[in-house]
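Descriptive analysis of the structure
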Amino acid sequence: MREVVGVSGNGYLLEVEDLKKWFEVRKGLFSNPLWLKAVDGVSFELKPGEAVSLVGESGSGKTTLGKTILLLHEPTDGKIIFKGEDVTHLKDKKRLMWYRRETALVQQDPFGAMPSFMTIYRILEEPLIIHKIGDKKEREERIYKALEEVRLTPVEDFAPKYPHMLSGGQLQRVAIARALILGPSLVVADEPVSMLDASVRVEILNLMREMQESRNITFIYITHDLSTTRYFSEWIFIMYAGHIVERGPTQRVIRNPLHPYTKALLAAIPDPDPENRKRFRDVPPGEPPALINPPPGCRFAPRCPQVMDKCKGEEPPEVEVEHNHFVKCWLYV
Amino acid sequence: MVGVAMLEVENLRLYYATRKGVVKAVDRVSFDLERGETLAIVGESGCGKSSMAKALTRLLPRNVHTYDGVVRLDGKNLMELSEEEFRKNVRWSQISIVFQGAQNALNPVLKVGFQIAEPLMVHDGVPKEEALKKAREALRMVGVHESFADRYPFELSGGMRQRAVIAMALITNPKLVILDEPTSALDVITQANIMNLLKRIKMERNLSFIFITHDIALSSELADRVAVMYAGQIVELTDAEEFYTNPKHPYSQKLMASVPTLRTDKKLEFIPGAPPSLLAPPPGCRFHPRCDKAIPRCGEEEPPAIEVKEKHYVKCWLYA
């Protein structure tokens, strides 16, 4: 039923192979350069219309991974294959424009993401003008339709407004409309609801989910909040210190976490319960390692309650423990 | 209820004067708190939670329009004290506070130990040597090695800085510590570690906390009682057992239904509309424009706080 147009022979929309993004924090002229290894060897595939939650704490590299996939950062190493085409080092301007049309980003802070001097209408028209789509009349139709889809109605009222006249939730709807107006097949949403109030978060997540499903968009939802992932995506990737340490179907990972880090993350999150105050949470001490010259071996080893000798010296491979459920941990090798 | 509670707050008001008019950030709020008890104040951004912390510690901005009511600590009305008396005898020695993002507000050029010791030197007149010794003890108590007393804030991780700020709030042995979003800038595992620390402190010392947060799930980590704030007012005040299992106010119910949970399956709901402006809150019940149970009376008359059960107050006409 789902349209499979322009995907590679194996049916994937996006293939990421051993992707690395290192930032040079000290130039090496006379000394060795220092690298901050934000994304350090990440591989996965996504089919058209699949939604994945990329979960990690701040500094785990999740935002860098999202931006590198969109080529907003130049990849250091590895491969990004989109619709069967290697786009890793896309230089040709026409192909790059095509990739920009096919992909989109929704940012965390809707206030910072909107130029304050433009009206909502102009903000939505901008991508259409840049990509030379339609004449004035057609653009207007598209903009009104987009506003209607994100339920900013009556559209005539919202179109002439400026960003500061809208609430956070309304602005995030504009951001979603802008991301989708060119009809992308891959969208990265970076913490799209973390700046919004609890009561409107669910509304925005529902809206994104609806649009993702009705348009068959592949969606990467970046978040630090594990409890919202269940409502949004069928897949979950857990990131720690530049690696994906566990990935699999959302329900299975949450019900049956394998990696000690995933277990700790789940143990740390409370559900509203009056019993909580009477018990201590079973979480490991310490904080994530620095990504400049990270420890050899497994990066969670210094905090891991189940650490073995092997973990400190050698990086664990990724193992498929059950169908589609992968974990990067020596306990399962 | 008279005379037994450690802290009694009655009709506390804090209004700000702005160019657009008077902002009623805290509007006739009343509650009380026993010794050793933790009250969580929950609500969405802009509901007046942080203003409540400011009102209780009298750390007021310049544009105060109205500041009155009664705040009684162990029977003594603090509102009658002069600025100087309050600073000398109450703030930090009896009521201390951990601000939102305080871990990033440490002075970068002073050693951590000195900053923790400072309240002791300033408020209790403890000599420097002794205060520094106490600061090391306080650091150890919050789970940071005492050698960190001689380091500068940038040498500590976010979680360690937060522990240092908590040590600073505890060093004068206050009766009440106000925690204003104490973990909102920290990672979930670090947050859980800090919550474990606060629980331990709560059990070891018979200390009262006022825990201000927007995170309902997190509030259950410490709360013995819960106050729900909406548009500058407390709309429900009850025990943790009651609140997390059986909230009564329509706003509390909706808020609870919008909390995503990890371990139970439920359909998430949301509240249509946005919280009202505190410049011109709606007449009657402030929640009535967003409430699906509103009756005509709600738009006309402000509901009183109704005691639906012992010590369970709901500000809603449904229970009148």
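Chains are numbered independently. Their residues run from 1 in the order of the written sequence. Just so you know, chain letters begin at A and ligand numbers begin at 1, following the order they were written in. Whole-chain, interface and lining totals are the exception, using all residues; otherwise, since this is a predicted model, local features are given only for residues with pLDDT of at least 70 and side-chain atom pairs are given and counted only at 80 or more.

**A short note on the overall build of chain B**
What counts, and what does not: Note on conventions: DSSP H or I runs of at least 4 residues are helices, E runs of at least 2 residues are strands, and numbering of each starts at the N terminus. The reference for a compact globule is 2.2 Å times residues^0.38; the radius of gyration itself is calculated from the C-alpha atoms. Three classes are used. A residue is buried when 20 or more other C-beta atoms lie within 10 Å of its own, exposed when 12 or fewer do, and partly exposed in between, with C-beta atoms placed from the backbone. Whether two residues are in contact is decided by their C-beta atoms, placed from the backbone, lying within 7 Å.
Across its full length, chain B carries ten helices and twelve strands. The globule rule puts the C-alpha radius of gyration for 320 residues at 20 Å, and the 20 Å found for chain B is close to it. Every one of the 320 residues in chain B was classed for burial, and the buried ones make up 48%. Residue pairs at least 24 apart in sequence account for 63% of intrachain contacts in chain B once pairs closer than 6 positions are excluded.

**A look at the sheet that holds strand β1 (residues 14-26) of chain A**
Residue and element names in this part refer to chain A. Defined as follows: Strand pairing is assigned whenever DSSP identifies at least 2 bridges connecting the two strands.
Taken together, the four strands give an open sheet; going across it, the order is β2-β1-β4-β5, and neighbouring strands pair in antiparallel fashion. Of all the strands in the sheet, just β2 (34-46) and β5 (85-86) have a single pairing partner and so form its edges. Bridging between strand β4 (residues 77-82) and β5 involves two bridges; their strand directions are antiparallel. The partner of Phe82 across the bridge, within β5, is Glu85.

**Structural notes on helix α1 (residues 49-57) of chain B**
Residues and elements named next belong to chain B. Among the nine residues in α1, eight count as buried, and that is most of the element. For α1, the set of buried residues is Lys49, Ser51, Met52, Ala53, Lys54, Ala55, Leu56 and Thr57. Phi for Arg58, located one or two positions after α1, is positive at around 55°.

**Observations concerning the pairing of strand β11 (residues 306-309) of chain B**
Residue and element names in this part refer to chain B. Two strands pair when backbone bridges link them, and β11 and strand β12 (residues 312-314) are joined in this way by three bridges, in the antiparallel orientation. Opposite Ile306, over in β12, you have Val314 as the bridge partner. The hairpin turn running from β11 into β12, its antiparallel successor, is two residues long, and Lys311 in that turn takes a positive phi close to 60°.

**Structural notes on the packing of helix α3 (residues 120-130) of chain A against helix α6 (residues 168-180) of chain A**
Residue and element names in this part refer to chain A. The criterion, for reference: As a rule, the C-alpha atoms of each element are fitted with a line to give its axis, helices using only the stretch in contact, and angles between N-to-C directions run from 0 to 180 degrees. Roughly parallel here means an angle under 35 degrees, roughly antiparallel means over 145, roughly perpendicular means 65 to 115, and every remaining angle is called oblique. By definition, turning the near helix anticlockwise from the far helix through less than a right angle yields a left-handed crossing, and turning it clockwise yields a right-handed one. Under the convention adopted here, Pro, Cys and the residues Ala, Val, Leu, Ile, Met, Phe, Trp and Tyr are nonpolar, Asp, Glu, Lys and Arg are charged, and Gly plus all remaining residues are polar.
α6 packs onto α3 with a crossing angle of 25° between their chain directions and a minimal axis gap of 8 Å. Relative to α6, α3 is oriented roughly parallel. Taken as a pair, α3 and α6 cross one another with a handedness that is right-handed. Contacts between α3 and α6 involve Ile120, Ile123, Leu124 and Pro127 from the first element and Val174, Ala177 and Arg178 from the second. Split into classes, the residues belonging to the contact of α3 with α6 amount to six nonpolar, no polar and one charged.

**Considerations on the interface of chain A and chain B**
One widely used convention gives an interface's size as the accessible area the parts lose upon coming together. With 34 residues of chain A in contact, the opposing surface of chain B contributes 42 residues. Taken together, the elements giving at least two residues each to the side of chain A that touches chain B come down to α7 (198-214), α8 (226-229) and α10 (260-268) of chain A. The element best represented in the side of chain A that touches chain B is α7(A), accounting for five residues. Among the residues forming the side of chain A that touches chain B, the class breakdown is 18 nonpolar, eight polar and eight charged.

**A few points about the domain arrangement of chain B**
Residue and element names in this part refer to chain B. To keep things clear, this is the line we draw: Just so you know, the domain bounds were taken from an automatic or database domain assignment.
On domain assignment, one finds that chain B holds domain 1 (7-94 + 174-319) and domain 2 (104-173). At the interface, 13 residues of domain 1 touch 13 residues of domain 2. With five residues, helix α6 (residues 188-204) is the single largest residue contributor to the side of domain 1 that touches domain 2.

**Describing the environment of B:Gly43**
Residue and element names in this part refer to chain B. Mapped onto the fold, Gly43 is located in the loop between β3 (38-42) and α1. Taking the number of C-beta atoms within 10 Å as the measure of exposure, Gly43 has 27 and is therefore buried. Here the alpha-carbon distance between Gly43 and Ala55, two residues twelve residues apart in the chain, equals 17 Å. The contact partners of Gly43, leaving out residues within four places of it in the chain, are Lys49, His214, Val228, Met229 and Tyr230.

**Points about unusual backbone geometry**
Cis peptide bonds are those with omega within 30 degrees of zero, and the linkage from A:Thr153 to A:Pro154 qualifies with -5°. A positive phi angle, close to 45°, is found at B:Asn11, a residue other than glycine. Within the fold, B:Asn11 resides in strand β1 (residues 7-18). Residue classification places B:Asn11 among the exposed residues on the basis of 11 C-beta atoms within 10 Å. With phi around 75°, B:Trp92 is a residue other than glycine that occupies positive phi space. On the secondary structure map, B:Trp92 appears in the loop between α2 (83-89) and β6 (95-98).

**Remarks on the sheet that holds β3(B)**
All names here are of chain B. Strands sit in the order β6-β7-β8-β3-β9-β10-β12-β11 across an open sheet of eight strands; the sheet is mixed. Strands at the two margins of the open sheet, each flanked by one partner only, are β6 and β11. In this sheet, neighbouring strand axes are inclined to one another by 25° on average, regardless of whether the strands run parallel or antiparallel.

**What about the packing of helix α4 (residues 128-141) of chain B against helix α5 (residues 158-170) of chain B?**
All names here are of chain B. At a minimum axis separation of 9 Å, α4 and α5 run at an interaxial angle of 125°. Judged by the inter-axis angle, α4 sits oblique to α5. Every pair of crossing elements has a handedness; the one defined by α4 and α5 is right-handed. Mapping the contact onto sequence places Ala138, Leu139 and Met141 in α4 and Ala164, Ala167 and Leu170 in α5. Looking at side-chain class alone, the contact of α4 with α5 contains six nonpolar, no polar and no charged residues.

**Considerations on the environment of B:Ser30**
All names here are of chain B. Mapped onto the elements, Ser30 comes out in strand β2 (residues 21-33). The exposure class assigned to Ser30 is partly exposed, which follows from the 17 C-beta atoms found within 10 Å. For the pair Ser30 and Phe99, spaced 69 residues apart in the sequence, the C-alpha separation amounts to 22 Å. Sequence-distant contacts of Ser30, that is, excluding residues within four places in its chain, are made with Val9, Glu10 and Asn11.

**Topic: the confidence of the model for chain B**
Cut-off, in case you're wondering: A score from 0 to 100, pLDDT tells how confident the predictor is in each residue.
Confidence in the prediction of chain B, expressed as mean pLDDT, is 92, and 99% of residues score 70 or more. In the model output, the complex is listed with pTM 0.89 alongside ipTM 0.86.

**Quick word on the environment of B:Ala217**
Mapping B:Ala217 onto the fold places it in helix α7 (residues 216-219). Overall, B:Ala217 belongs to the buried group, with 21 C-beta atoms counted inside 10 Å. As for B:Ala217 and B:Thr238, which are separated by 21 residues in sequence, their C-alpha atoms are 16 Å apart. The contact partners of B:Ala217, leaving out residues within four places of it in the chain, are A:Pro270, A:Asp271, A:Pro272 and B:Val259.

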